[in-house]
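Listed below are the residues making up each chain.
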Amino acid sequence: METVVSGIRPTGNLHLGNYFGALQNFVKMQNEHRCFFFIADYHSLTTHPTPADLHGNVRNVLVEYLACGLDPEKATLYVQSDLPETAELYLFLNMNAYLGELERCTSFKDKARTQPNNVNAGLLTYPTLMAADILLHRASKVPVGKDQEQHLEMTRTFANRFNRLYKVDYFPEPIAFNFGEDLIKVPGLDGCLKMSKSENENSCIFLADTPEAIRKKIMKATTDAGPTEPNQPKPQAIENIFGLMKIVSQPATLLHFQELYNACQIRYGDMKKQLAEDMVAYISPFSEKISALSSDYDYLRKVAKLGAEKAHESAAKTMREIREIIGFKAF
Ligand code: TYM
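Residues numbered from 1 in each chain as written. Predicted model: local features only at pLDDT ≥ 70, side-chain atom pairs only at ≥ 80, totals over all residues. Heavy atoms only, no water.

**A closer look at the overall build of the protein chain**
Working step 1: Within the protein chain, the regular secondary structure consists of 14 helices and five strands.
Working step 2: Its C-alpha radius of gyration of 21 Å places the protein chain within 12% of the 20 Å reference for a compact globule of 331 residues.
Working step 3: Overall size of the protein chain, expressed as C-alpha extent along the three principal axes, is 80 × 45 × 40 Å.
Working step 4: Put simply, the protein chain has 331 residues, and 49% of those count as buried.
Working step 5: Carbon and sulfur atoms make up 52% of the accessible area of the protein chain, which amounts to about 16200 Å² in all. (Helix = DSSP H or I, 4+ residues; strand = E, 2+ residues; numbered from the N terminus. Rg over C-alpha atoms; globule rule 2.2 N^0.38 Å. Buried < 20%, exposed > 50% of the residue type's maximum accessible area, 1.4 Å probe, protein only. Areas by Shrake-Rupley, 256 points an atom, 1.4 Å probe, with all protein chains shown as cover.)

Below, the structure written as structure tokens:
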């Protein structure tokens, strides 16, 4: 049995990219491993949410974790800020993280470019906070999408550096993980490579979306006038529609539209109608469970309390040992 840690930032509702990149793997892994899945609310502070938004978003993610099949008896489900040990380990790791390597991180460079008026220290040290989440439970596997690969590489660097500095073999080297295949990137409806709420809300299918919302968004998805020669390579926007169909439709459906495309007979209106129906069938069981759970405050409170207790037990042990290794000793 291995220790598994992962989290999702609460920024609204979870989308299909979060599900296929991360959550789907959480659900599978909870049966086989010692799992810690948390809601990364400290991380979301880089964008300065209001207190009401922050709380509402944390609640949404908790509801969606449960609606997707995470079982609080099997996995430890907790809210990151219920575990202040995270902040202490973050502080220790920051002492051995260097400005150059943090500045070179792709996600930092992207954010510095897209939000030049809010390049805060939390953004710069985002990878050390993430490493703290992972190392706090001494995890070896981290189920994440492709966009988190570099953060995992940095976590390994920080873990190894700590081990070398204190001449211990304390932290394992955690790896980014996806069940049975390479890390994935779910494409957006807007022709962008990645479905992403922060880049474009309209590129996303949310797990809480109603059938009407799904149909409307998919019918509006970016397409073009269609191929003019047989077997032409697909432009990115068209590749994305096929990519989404690959995820939620039957293989025979995908093949049918692939053949029409190759023969220059494709009608994107028909393809999008089919994709919309398959998407509605895929999402509906989630959205129904989400609306059933979202007003059950008593249950949510119980789940969060249980998770905080279990996570605290693991974190307190690690922090006791780390303090000892570093040399914080009682008189
Ligand atoms: P976040 O909140 O941006 O995304 C949560 C998870 O969803 C995955 N994901 C995708 N996967 C495939 N295709 C997409 N279009 C797509 N969009 C999002 C992400 O790869 C991620 O796995 N830093 C993390 C949260 C975090 C964390 C951690 C993760 C904080 N501490 C410790 C693992 C371990 C983040 O911002 O993910």
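From this point, things continue past the structure.
**Some words on the pattern of salt bridges**
Working step 1: Summed over all chains, the structure comprises 14 salt bridges.
Working step 2: The salt bridge involving Glu 2 is made with Lys 141; its shortest N-O contact spans 2.8 Å. Remark: Lys 141 occurs in strand β4 (residues 141-143) and Glu 2 occurs in the segment before β1 (3-8); sequence separation between them is 139 residues.
Working step 3: Classification of Glu 2 as partly exposed rests on a relative accessible area of 29%.
Working step 4: Here Glu 321 ties to Lys 317 by a salt bridge, and the two come within 3.0 Å at their closest N and O atoms. With Glu 321 and Lys 317 both in helix α14 (residues 297-326), this residue pair falls four residues apart, about one helical turn. (Salt bridge = Lys/Arg side-chain N within 4 Å of Asp/Glu carboxyl O.)

**Digging into the site of the ligand**
Working step 1: Around the ligand sit 26 residues in total, of which Arg 9, Tyr 126, Asp 133, Asp 147 and Val 186 are the nearest.
Working step 2: Gly 145 is positioned with one of its backbone polar atoms (N or O) 2.9 Å from an oxygen atom of the ligand.
Working step 3: Considering the ligand on its own, with 710 Å² of exposed area, one finds that the protein chains cover 96% of that surface.
Working step 4: Counting residues per element, the ones that place at least two in the shell around the ligand are β1, α1 (16-29) and α8 (126-135).
Working step 5: Its residues assigned to classes, the shell around the ligand shows 12 nonpolar, nine polar and five charged. (Near = heavy atom within 4 Å. Polar contact = N/O pair within 3.5 Å; in protein donor to acceptor, adjacent residues only side chain to side chain. Nonpolar A, V, L, I, M, F, W, Y, C, P; charged D, E, K, R; others polar.)

**Looking at the packing of helix α11 (residues 236-248) against helix α13 (residues 268-293)**
Working step 1: The N-to-C vectors of α11 and α13 enclose an angle of 35 degrees; their axes lie 10 Å apart at closest approach. In this structure, α11 meets α13 at a crossing whose hand is left-handed. Taken together, the residues of α13 that come into contact with α11 (itself represented by Ile 238, Ile 241, Phe 242, Leu 244, Met 245 and Val 248) are Tyr 268, Met 271, Gln 274, Leu 275, Asp 278, Met 279 and Tyr 282. (Axes fitted to C-alpha atoms, helices over the stretch in contact; angles between N-to-C directions. Left-handed = near helix turned anticlockwise from the far one by under 90°. Contact = heavy atoms within 4.5 Å.)

**A closer look at the domain arrangement of the protein chain**
Working step 1: Split by domain assignment, the protein chain resolves into domain 1 (3-177 + 297-326) and domain 2 (201-291).
Working step 2: Contacts between the two partners involve 12 residues from domain 1, matched on the other side by 13 residues from domain 2.
Working step 3: With both sides pooled, the region where domain 1 packs onto domain 2 buries about 1100 Å², and carbon together with sulfur makes up 79% of that total.
Working step 4: Connecting domain 1 to domain 2 are zero salt bridges.
Working step 5: Linking domain 1 with domain 2 are two residue pairs in polar contact (both at pLDDT 80 or more), by the criterion used here.
Working step 6: Counting only elements with at least two residues in the side of domain 1 that touches domain 2, the list comes to α1 and α3 (51-67). (Domains from an automatic or database assignment. Buried area = accessible area lost by both parts, 1.4 Å probe.)

**Things to note about the packing of α11 against helix α12 (residues 251-262)**
Working step 1: Contact geometry for α11 and α12: axes closest at 9 Å, N-to-C directions at 160 degrees. When the interaxial angle is binned, α11 and α12 end up roughly antiparallel. Of the two elements, α11 crosses α12, and the hand of that crossing is left-handed. Where α11 approaches α12, its residues Ile 238, Phe 242, Met 245 and Lys 246 are matched on the opposing element by Thr 253, Leu 254, Phe 257, Gln 258 and Tyr 261.
Working step 2: Class assignment for the residues of the contact of α11 with α12 results in six nonpolar, two polar and one charged. (Parallel < 35°, antiparallel > 145°, perpendicular 65-115°, else oblique.)

**A few points about the state of the cysteines**
Working step 1: This model, assessed by the stated rule, comprises zero disulfides.
Working step 2: Not engaged in a disulfide, the cysteine Cys 35 finds its nearest cysteine sulfur in Cys 68; these two sulfurs lie 15 Å apart.
Working step 3: The exposure class of Cys 35 is buried, given its relative accessible area of 3%. (Disulfide = S-S within 2.5 Å.)

**Some remarks on the packing of aromatic side chains**
Working step 1: Evaluation of the coordinates by the stated rule reveals 14 aromatic pairs.
Working step 2: With centroids separated by 4.2 Å and ring planes inclined at 5 degrees, the aromatic side chains of Phe 26 and Phe 37 adopt a geometry described as stacked. Of this pair, Phe 26 sits in helix α1 while Phe 37 sits in strand β2 (residues 34-39), placing them 11 residues apart in sequence. The exposure classification of Phe 26 matches that of Phe 37, with both residues buried.
Working step 3: Three or more aromatic residues joined by ring pairs make a cluster, and in this case those are Tyr 19, Phe 20, Tyr 282 and Phe 286.
Working step 4: Above the face of the Tyr 170 ring, Arg 138 is positioned so that its terminal group lies 3.8 Å from the ring centre. (Phe/Tyr/Trp six-rings, centres within 6.5 Å; stacked < 30°, edge-to-face > 60°. Lys NZ or Arg CZ within 6 Å of the ring centre and 35° of its normal.)

**Here we look at unusual backbone geometry**
Working step 1: Located in the positive-phi region is His 48, a residue other than glycine, with phi close to 55 degrees.
Working step 2: Among the structural elements, His 48 can be located in the loop between α2 (41-44) and α3.
Working step 3: The exposure class assigned to His 48 is exposed, which follows from its relative accessible area of 55%.
Working step 4: Its identity as a non-glycine residue notwithstanding, Asn 231 has a phi of 55 degrees, on the positive side.
Working step 5: Considering the arrangement of structural elements, one finds Asn 231 in the loop between α10 (211-220) and α11.

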